[in-house]
Amino acid sequence: MATLMQENQSAAKPRRRWRFAFIAIYFTKVLDSLPKRIVKKRILEMSTGSYVSIQIQNADKYDHSCHDGPVLSFHNVDQRMLIDMVRDKDYERLHQFGGAKQLAELLQTKEKHGINGDEADLIRRRNVFGSNEYTKPPRTGFLSFVLEAAKDTTIIILLICAALSLGFGIKEEGPREGWYDGGSIIVAIVLIVAVSSISNFRQSGQFRKFSNESSDIRVQVVRQGRRQPVSIFELVVGDIVFLNIGDQVPADGLFLEGHSLKVDESSMTGESDPVEINEKDNRFLLSGTKVSDGFGTMLVTSVGMNTAWGEMMSSIRRDLDEQTPLQARLDKLASTIGKLGLAVAVMVLVVLFIRYFTGNIEDDSGKKEFNGSKTRIDDLMNSIVHLVSAAVTVLVIAIPEGLPMAVTLTLAYSMRRMMTDQALVRKLSACETMGSVTTICTDKTGTLTLNKMKVVEFWLENEVVKDETYRGIAPNVVELLKQGVGLNTTGSVCKQPSMSVPEISGSPTESAILTWAVVDLGMDIDEQKLSFEILHVEAFNSQKKRSGVLVNKVTDKTVHIHWKGAAEIILAMCSHCYNRSGIVEVMSDEKRVHFGGIIRGMAAKSLRCIAFAYKQTQKEKLEETGMILLGLVGLKDPCRPSVRRAVEACRDAGVNVKMITGDNIFTAKAIAMECGILNPDEDFNNAVVEGVTFRNYSHKERMDKIDVIRVMARSSPFDKLLMVQSLKKKGHVVAVTGDGTNDAPALKEADIGLSMGIQGTEVAKESSDIVILDDNFASVVTVLKWGRCVYNNLQKFIQFQLTINVAALGINFVAAIASGKVPLTAVQLLWVNLIQDTFAALALATEQPTNDLLSKPPVGRSKPLITNIMWRNLISQALFQISVLLILQYKGRSIFGVNEKVNNTLIFNTFVLCQVFNEFNARNMDKKNKFFFKGLLKNRLFIGIIGITIALQVMMVEFLKKFANTERLDWGQWGVCVGLAALSWPIDWLVKCLPVSAK
């Protein structure tokens, strides 16, 4: 019995142990679930007033690849509450959600892994929270452009004259025949208004499209554990976004982690002082603000129209029709010509009235049109309408309405083509101003070089360490280097199970150093971050050229400092150094000089030299003195293959290239010689200067040396700005390239700001006029070529149009005074107006740039729009056309044996064909006609427009006789017209042999 009881007791012991284990586990689960119940209860209580609800879904429906718990649906989360929470910076609402981490859980995202990010997840988030796009003001309708074109005063006067002519014509000749004169004018006016409206409507659409493309920003997010760039328009609620200096905050959200993060909220609040963002005092980030310092990550809580920035942007209409300086000059030119045309039109009208009322104007039958009191009132009014119509038509042909259209066409065309050539135009005026540039101030990294950094040298104390001897370095030195790289970085290392090599993200410099530490030193960045608590970070900026981190070691609570940056700056902070054996030695003067020689040696090989320094301290302060030098690395960034040719092209074009870099003077010299900015055999004393020296020059010294300086090393953003200001005072038209936030002042100050599309910050892009999409200096030269092409194309069109204006005014004025009749009718002149305003603008404004444009000097800021060469060409052609047409006017009938109507048709046909031949002359203003057809096959639009013009002219003459008031011509008469018009080619050849002063 005792044995049985003993066996029962021994059997009960395991059951008691299981019961005790069950109770312990249950009690632990209860304690674990208690905070969640409290949070859930508070959110449910809160939902009574704010309509927030949480739905628990089955765990089997959840994707375990990124998260570890059951998914919470956000289908019923109140968007209004999220929006108001960030906009009002309301910590009370944030606490009701359980804090930023709990809100991230609600939005089904993880701080380190981000959202799932597959297509279904993105669609679901957009359906619930909306997309990150702004509702834009409606596009200006086509009817608005029609009304704008029809509001022209001369068009209105012509319409009134056409209506009166139509009324009198129908009254006298009946509806069948009487509508031709007035109806023809109305049809011609409608055609001109329609073509003008369609063209302007299409260009408006082009500019709107470019506006959308310029708004497309790339942001760094983490999805499925991978850091990746996405378009700002693809951002969704729940995304984890990385923010660095110069970035635009892409949506409303909450700060998760980071250091020294400050944002400029002036775009939203008007306050210019940066606002500090941290976990304790202010987690809230507003869309549209700019990061001015530090770095961090944010949780997106609202996008698009649900942000304050979205609501504000939706009410702002961007001025896509901004008037450029060249457009202003053309408006002034058009106004001057218009006034001259008005004076001529008034004179023509006065002469016609005098001749009419004195009986010197005869009708088609040879009778006087005015017979005093015998003239019927209807005949009198009809004649007056015809005379006024003729005078107003002279005014129409005199006003160069095509000039603004030509500017719009050439700017839109060049913007579209520049986009394919890796340049995004943000401001229209940049297209034309680029043609006047005399000096380009360029960055080195990424613009002249490939921006593909790689660590090629590592120096420890006084010797270079080869790959195979890394194992010979003391373990404590290797460990400190790992810490210095892994803790003091804005880059990231992502390890994917499917990838053998980790994915490294960050700036080119950060990526190169991280790659070196991971591959050569065997660094595990996650291990480093788990072993240390970051206390303070000083982010890298272009002024200090260094970054530092203060950390607390988790195991022994010791405080460590790590600095990384430009080698000579870090070297100056150090009082000791590590040797290969891991022993700390005093930094003697001899050693300091030796390290300086190593730095200069690496710089002479075009290497960027970065130093690492370390110190253990008792204070929780990021000290800058008494550091221990760990080592030096040399990073190679090869020059772009095309950059030397591009620099030579600039020099041939009369454009000076100056390199402004933050690298030391030896690296700067080496790169400048490699790129062709400096020649090895020239004196570097004046051509190369450091930023500190340049800024300490007196004003007179600076102005005397500014033209000679071609390289500025160790420059600060202020030095770059000072360089631009000095060049502008010297009369230069300056283009500046930049990619950093601190480049913004220089980009704004320059005549043309060129930001980098890949490495450029959003602040830099917003401060610039053109974004170079591939960060390549060769693309800057392409932009220069396009700028000159825009200016050159407009000059071609101005020459062509003024030739028509002068010729038409001359022939009508002389004929009106001499005979009382104008040979070119209202409809015919309106047809010529259509040719010059639209077709010629399309043909000449879309010529592509040639390399010949880079063999000419820059246009300059103050040079006249109409040059002496243009005056020579247009006056010669206008005199030729006036002479031919006047001969036809007074001798044509006797020479060709035709009646007056056929003779007038010959005049009209010859005049139009003269413009067709003259379009070929205008393609090259200063070279003889052997260049007429050069590059013609590349401009199919030009060939097409010439063909359309000729076809429509044949239709006007042969098939629209009553509409155009013409008679059919036989083959011989067509041959005469073509032969007379073709004389413009040999005349142009002879005229271009005449030398003309360029001044």
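Residues numbered from 1 in each chain as written. Predicted model: local features only at pLDDT ≥ 70, side-chain atom pairs only at ≥ 80, totals over all residues. Heavy atoms only, no water.

Trainee: Even after reading the chapter, I still don't get the overall build of the protein chain, so can you show me in this structure?
Mentor: What the protein chain contains, in helices and strands, is 35 helices and 28 strands. A burial count over the protein chain gives 53% of its 999 residues as buried. Sequence separation of 24 or more characterises 72% of the internal contacts of the protein chain that already satisfy a separation of 6 or more. Here the protein chain has roughly 44,600 Å² of accessible surface; of this, 57% comes from carbon and sulfur atoms. (Helix = DSSP H or I, 4+ residues; strand = E, 2+ residues; numbered from the N terminus. Buried < 20%, exposed > 50% of the residue type's maximum accessible area, 1.4 Å probe, protein only. Contact = heavy atoms within 4.5 Å. Areas by Shrake-Rupley, 256 points an atom, 1.4 Å probe, with all protein chains shown as cover.)

Trainee: Quick question: what am I supposed to make of helix α30 (residues 868–896) here?
Mentor: Residues lying three or four places apart along an α-helix face the same way, a consequence of the helix completing one turn every 3.6 residues. At Tyr 890, α30 shows its largest bend, some 60°. Looking one or two places after α30, you find Gly 897, whose phi comes out positive at around 65°. (Bend = angle between axes of the 7 residues up to and from the residue.)

Trainee: Would you take a moment to explain the side chain of Lys 615 for this structure?
Mentor: Secondary-structure assignment places Lys 615 in strand β21 (residues 607–617). In terms of polar contacts, Lys 615 uses its side chain to reach the backbone carbonyl oxygen of Thr 625, at 3.1 Å. The contacts of Lys 615, once residues within four sequence positions are left out, are Val 559, His 560, Ile 561, Glu 623, Thr 625, Gly 626 and Met 627. (Polar contact = N/O pair within 3.5 Å; in protein donor to acceptor, adjacent residues only side chain to side chain.)

Trainee: Help me out: how do you make sense of the sheet that holds strand β23 (residues 656–660) in this one?
Mentor: Adjacent strands of a sheet pair through backbone hydrogen bonds, lying either parallel or antiparallel. The eight strands are arranged β10-β28-β27-β26-β11-β23-β25-β24 in an open sheet whose pairing can be described as mixed. Among the strands making up the open sheet, the edge pair consists of β10 (423–425) and β24 (688–690). If you compare each strand with its neighbour and ignore which way they point, the axes differ by 20° on average. In terms of strand pairing, β10 meets strand β28 (residues 770–772) through three bridges, oriented antiparallel. (Pairing = 2+ DSSP bridges. Axes fitted to C-alpha atoms, helices over the stretch in contact; angles between N-to-C directions.)

Trainee: I would appreciate a short explanation of the packing of aromatic side chains in the present structure.
Mentor: A ring pair, where both rings are aromatic, is described by two values, the distance of the centres and the angle of the planes. Under the definition given, this model contains ten aromatic pairs. An angle of 20° between the planes, with centres 6.2 Å apart, marks the rings of Trp 516 and Phe 612 as stacked. Here the residue Trp 516 occupies a position in helix α16 (residues 508–519), and Phe 612 occupies one in strand β21, the gap between them amounting to 96 residues. For the ring pair Trp 831 and Phe 839, a centre distance of 6.5 Å and an interplane angle of 80° mean the geometry is edge-to-face. Comparing Trp 831 with Phe 839, the two get one shared label, buried. In textbook terms, an aromatic cluster arises when at least three aromatic residues are bridged by ring pairs, as seen for Phe 917, Phe 920, Phe 942 and Trp 985. (Phe/Tyr/Trp six-rings, centres within 6.5 Å; stacked < 30°, edge-to-face > 60°.)

Trainee: Which parts of the structure should I look at to understand the state of the cysteines?
Mentor: A covalent bond between the sulfur atoms of two cysteines is what we call a disulfide. Tallied over the entire structure, the rule returns zero disulfides. Of all cysteine sulfurs, the one in Cys 574 lies closest to Cys 577, which takes part in no disulfide; the gap is 8.5 Å. By relative accessible area, which is 0% here, Cys 577 ends up buried. (Disulfide = S-S within 2.5 Å.)

Trainee: Please explain unusual backbone geometry as it appears in this structure.
Mentor: Across the chain, the bulk of peptide bonds are trans and the bulk of non-glycine residues have phi less than zero. Of note, the phi angle at Gln 108 is positive, near 60°, even though the residue is not glycine. The residue Gln 108 is located in the loop between α4 (100–106) and α5 (119–129) in this model. Since its relative accessible area comes to 10%, Gln 108 is described here as buried. Although it is not a glycine, Ser 606 sits at a positive phi angle of roughly 65°. Tracing the backbone shows Ser 606 in the loop between α19 (589–604) and β21.

Trainee: Quick question: what am I supposed to make of the pattern of salt bridges here?
Mentor: Under the definition given, this model contains 31 salt bridges. Among the salt bridges present, the one from Glu 624 reaches Arg 546, with a minimum N-O distance of 2.9 Å. Pair noted here: Glu 624 is in the loop between β21 and β22 (627–636) and Arg 546 is in strand β17 (residues 546–553), with a separation of 78 residues, a long-range link. Judged by its relative accessible area of 32%, Glu 624 falls in the partly exposed class. Classification of Arg 546 as buried rests on a relative accessible area of 11%. With a closest N to O distance of 2.1 Å, Lys 591 and Glu 585 form a salt bridge. Overlapping salt bridges bring together Asp 121, Arg 124 and Arg 125 as one network. (Salt bridge = Lys/Arg side-chain N within 4 Å of Asp/Glu carboxyl O.)

Trainee: How should the side chain of Thr 447 be read in this particular structure?
Mentor: If you trace the backbone, Thr 447 turns up in the loop between β11 (439–442) and β12 (454–460). Among the residues examined, Thr 447 registers a relative accessible area of 0% and is labelled buried.

Trainee: What should I look at first to understand helix α21 (residues 665–675) in this one?
Mentor: For α21, every residue scored as buried is listed here: Ile 665, Thr 667, Ala 668, Ala 670, Ile 671, Ala 672 and Cys 675. At the N-terminal boundary of α21, the capping side chain belongs to Asn 664, with an oxygen 3.0 Å from the backbone nitrogen of Phe 666. One or two steps after α21, the chain reaches Gly 676, where phi turns positive at roughly 90°.

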